[in-house]
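Chain by chain, the residues:
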Amino acid sequence: MIILKSAEEIQTMRRAGRVVAQAHALVRELVKPGITTWDLDRAVEEFLMKQNAVPAFKGYHGYPASICASVNEVVVHGIPSREVVLEEGSIVSIDIGAFVDGFCGDSAWTYPVGNVAPEVQRLLTATEEALFLGIDEARVGNRLSDISHAVQKHVEEQGFSVVRDYVGHGIGREMHEAPQIPNFGPPGRGPRLKSGMTLAIEPMVNVGGYHVEVLTDNWTVVTRDKCWSAHFEHTVAVTDEGPVILTVL
Ligand code: MF3
Ligand code: CO
């Protein structure tokens, strides 16, 4: 069942989304060669606590940290580590979720570490563009898979591939609510979008093939071919005035 939110509930989700966006602004400043993903996790957790926000990932199915930090060929769910030092030319996908007054905001962004190769920058640009094209389909009267199709079309036009095994999701009082939102598929399928739906749209895009595998820590998702991967995510409300991105400053 897809839970519709009232205007007031969406305002609360907007506050959660703003805190998540502020945490991303902090991360953006901190990402530099030499910092560890552990340092980023500490900084975000400290910030969220100061805002009276509750980190959404920590303890979720036993996940041990407040952010996911996924470097290069890691697609999603990289666990922050003192051993993972960011290097010039790498990319790091930082995923942050937080509850404020009982509602969740969820957003991911892939940051370049210093200067990256032109092909890598193309990956980041294509994935971010695909996210915004997907968001633009989050309109009353459209069907859910119109989002999926818009993402896939752009990604594949750019010569990249869309991860199949992980999807976006409804979000609200729970981080993961119905519906699941694949980043691929034909348009015109699935439920019709209604005012009050709140969706986390999150394309994961690979330079090489779309296949992924999970490492023995049971969290870290890597590309099977070890080509690099990017991840961009916003929490969005479907309203009569069009899509409203909640995870912004
Ligand atoms: N943004 C991710 C998601 O939507 C974050 C989940 S990571 C976990 O699923 F550790 F909390 F599982
Ligand atoms: Co998410």
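The residue numbering used here restarts from 1 in each chain and proceeds along that chain's sequence as written. Labels follow written order: the first chain is A, the first ligand is 1, and so on. Per-residue local features are limited, in this predicted model, to residues with pLDDT of at least 70; the limit for side-chain atom pairs, both in listing and counting, is 80 or more; totals at the level of whole chains, interfaces and linings are taken over all residues. Computation of side-chain values covers all heavy atoms of the structure but excludes hydrogens and water.

The rule for pairing is simple: two strands pair if DSSP sees at least two bridges between them. A run of H or I in DSSP counts as a helix once it spans at least four residues, and a run of E counts as a strand once it spans at least two, with each numbered from the N terminus. Pairing within the open sheet is antiparallel, and its 3 strands lie in the order E3-E12-E11. Sheet topology places strand E3 (74-76) and strand E11 (212-214) at the edges, where each strand pairs with a single neighbour. In this sheet, neighbouring strand axes are inclined to one another by 40° on average, regardless of whether the strands run parallel or antiparallel. Both E11 and strand E12 (residues 221-223) contribute to a ladder of 3 bridges, which runs antiparallel. Its bridge partner lying in E12, Glu213 is registered against Val222. In this analysis, axes come from line fits to C-alpha atoms, helices being fitted only over the stretch in contact, and the angle between any two N-to-C directions falls in the range 0 to 180 degrees.

Bringing the packing of aromatic side chains into the picture now. Aromatic contacts are taken between Phe, Tyr and Trp rings whose centres are within 6.5 Å, Trp giving its six-membered ring; a plane angle under 30 degrees counts as stacked, one over 60 as edge-to-face, and the others as tilted. On inspection of all chains with the given rule, the structure shows 2 aromatic pairs. Aromatic side chains Tyr63 and Trp219 sit 4.9 Å apart centroid to centroid with 80° between the ring planes, which places their arrangement in the edge-to-face category. Of this pair, Tyr63 sits in the loop between strand E1 (54-55) and strand E2 (67-71) while Trp219 sits in the loop between E11 and E12; the two residues are 156 residues apart in sequence, bridging distant segments of the chain. For the exposure calls, accessible area comes from a 1.4 Å probe over protein chains only, and a residue counts as buried if that area is under 20% of its type's maximum, exposed if over 50%, partly exposed in between. Tyr63 gets classed as buried once you look at its relative accessible area, which sits at 4%. A ring is considered to have a charge above it if a Lys NZ or an Arg CZ atom is located within 6 Å of its centre and within 35 degrees of its normal. Its guanidinium or amino end placed over the ring of Trp38, Arg82 lies 3.9 Å from that ring's centre, counting from NZ or CZ.

Shape is all these values report; function is a separate question.
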